[in-house]
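Chain by chain, the residues:
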Amino acid sequence: MQATKWRMQIGLIHYTSWPTVGGVEVVLREQAGQMVKAGHEVSVICGSGRQFSASIRTTVLADLNISSPTVTAAQAEIWNGYPGAGYFNLVQKLRDQLTPLVQKLDRVIVHNLMTMPFNLAATQVLAELAESGAKILAWTHDLAASNQDYSLPRNSTVDMIREKHSNIRYIAVSQARANEFRELTGSNVDAVIPNGLDLSTVLGLTPEVETLLRQIDNQATLFLYPTRILQRKNLGFAIQILKALNDLGHKAYLFITGAANEYNPGAQAYLEGLKQQADDLSIPERIIWVNERFPVDEKQLRSLYLVADALLFSTRQEGFGLPPLGGGCFPLTDLLFGYRATAIKLAQ
C-alpha cells in the first residue's frame, strides 16, 4: 500500500505581498508556488497585496501594513522612548487577528519580521505565538541591527530584533547573513538556504540546460567556453585554470559546448587526451562536455550564456573572436585574471 503524502498547511507572512515588486515579495511568491506544486496547502498573510494565484489564499490585515496610521503611531511611541497605549492596542488587535490564522497552520514562514523594525507589535505577537507552540521559521533576508543604514534606539521592544527567540527556527538566505546573525545574537542560525527562483521561467531556459543545472552544485561558479574541440582553442589550459580555481577553494565548473571537428582526423584523439588530462587532475566531474548531452544550437547556446557566471576563452589565436562577440561579454573578469596567474604558475 502506497504511503499517504503528508499535506501540510503552510502560511507565509510579510508586510507586503504581490503585486508589490521587491526581492522579498518575489521570493515569497516563488516559495508559495513551489510549495503548492509539492502538494501543500499554502496561504499568504500580509499587510498589503492581493491574491496572485487561485490556489493560494491571501489574507490582508491592515494592521500588518507598515503604512497604516495605527502602525506608524505605535512605531513613533517606541522611537520616542517607550511603548504607549497605541502600541499595546495594536499588539492586542494583531494578537486577535493572527492567533486564529496561525493556529490552523502546521508551519509559518515569517519573512523578515523577526529581524526588521517596521512593525514591532507584529514581531512581539509572532514571538508570543511561537512560545505558545506555533511552528515558526524566521526567513532572514536582512538584519536591521547589523546594518549601519539603520539607527535603532536601545529599549526592550526594539531589542526583540537583536536576539534569537528560542522557540523560533531561523533561516538565513546566505552565509554572510548567517555570520551577521551570529555576531549580533551570539547564536547560530538553524539553516542557510539561499533564496531560489525558477530560472527556467525567469530566464527562459531550454529544458536541456535546466536539467543540466540540476546535476551540478548551484553554489559553484559556472564558466562557459563556447568552442569546437580544436587544438588552437587551448582547451588544456582552460582545464588547468579550472583545476587551479578548485584548488584555491573556489569551486567551479567548466561547460565546453562543441563537438570534435569531424574534418580534423586528430580531433577525436585530442578530445580523448583532454578527458585524460581532466582525469589526471582529478576534476573530470567539473568539466561538462555539453555536446555529448545534447546538440548545442542557438537556443541552447543562448541559455548557456544566460546561466554562466563568466566566459572562459583561453584560445591561442582567433581570426575574429565570434564567441565573445556572440555572448556580448568579456572573455575573463578581473578576478579571473588573478586566478589565471596562479593557474599559469601551477601549470609550469
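Residues numbered from 1 in each chain as written. Predicted model: local features only at pLDDT ≥ 70, side-chain atom pairs only at ≥ 80, totals over all residues. Heavy atoms only, no water.

A. Seen up close, the pairing of strand 4 (residues 107-111). Most of strand 4 sits out of view: four of its five residues are buried. Note: strand 1 (residues 9-16) against strand 4, four bridges, orientation parallel. Counterpart to Leu12 in the pairing with strand 4 is Ile109. Pairing of strand 4 with strand 5 (residues 136-140) involves four bridges; the strand directions are parallel. Of the residues in strand 5, the one forming a bridge with Val108 is Ile136. In the classification by handedness, the crossover that spans strand 4, the intervening helix 4 (residues 120-131) and the parallel strand 5 is right-handed. (Buried < 20%, exposed > 50% of the residue type's maximum accessible area, 1.4 Å probe, protein only. Helix = DSSP H or I, 4+ residues; strand = E, 2+ residues; numbered from the N terminus. Pairing = 2+ DSSP bridges. Right-handed = clockwise from strand over helix to strand, strands pointing away.)

B. Looking closely at the sheet that holds strand 3 (residues 56-60). Pairing in this open sheet of seven strands is parallel, and the strands run 3-2-1-4-5-6-7 from one edge to the other. Every other strand in the sheet has two partners, leaving strand 3 and strand 7 (191-192) as the edge strands with one partner each. For strand 2 (residues 41-48) and strand 3, the ladder comprises five bridges, and the chain directions are parallel. By the bridge assignment for strand 3, Val42 is matched with Ile56. Relative to the sheet, helix 4 contacts strand 1, strand 4, strand 5 and strand 6 (168-172), its axis offset from that of strand 5 by approximately 140°. Seen against the sheet, helix 5 (residues 175-185) touches strand 5, strand 6 and strand 7 and runs at an angle of roughly 135° to strand 6. (Contact = heavy atoms within 4.5 Å. Axes fitted to C-alpha atoms, helices over the stretch in contact; angles between N-to-C directions.)

C. Region of interest: the nonpolar core. Counting 43 residues, the largest nonpolar core has Ile13 and Ile136 as the members making the most contacts within it. Among the elements that make up this core, the one with the highest residue count is helix 4 (eight residues). Not counting chain neighbours up to four residues away, the residues in contact with Ile136 comprise Val108, Val110, Leu126, Leu129, Ala130, Ile168 and Arg169. Ranked by size, the runner-up nonpolar core spans 25 residues in total, among them Phe223, Leu274, Ala310 and Phe313. (Core = buried A, V, L, I, M, F, W, Y, C linked by side-chain atoms within 4.5 Å.)

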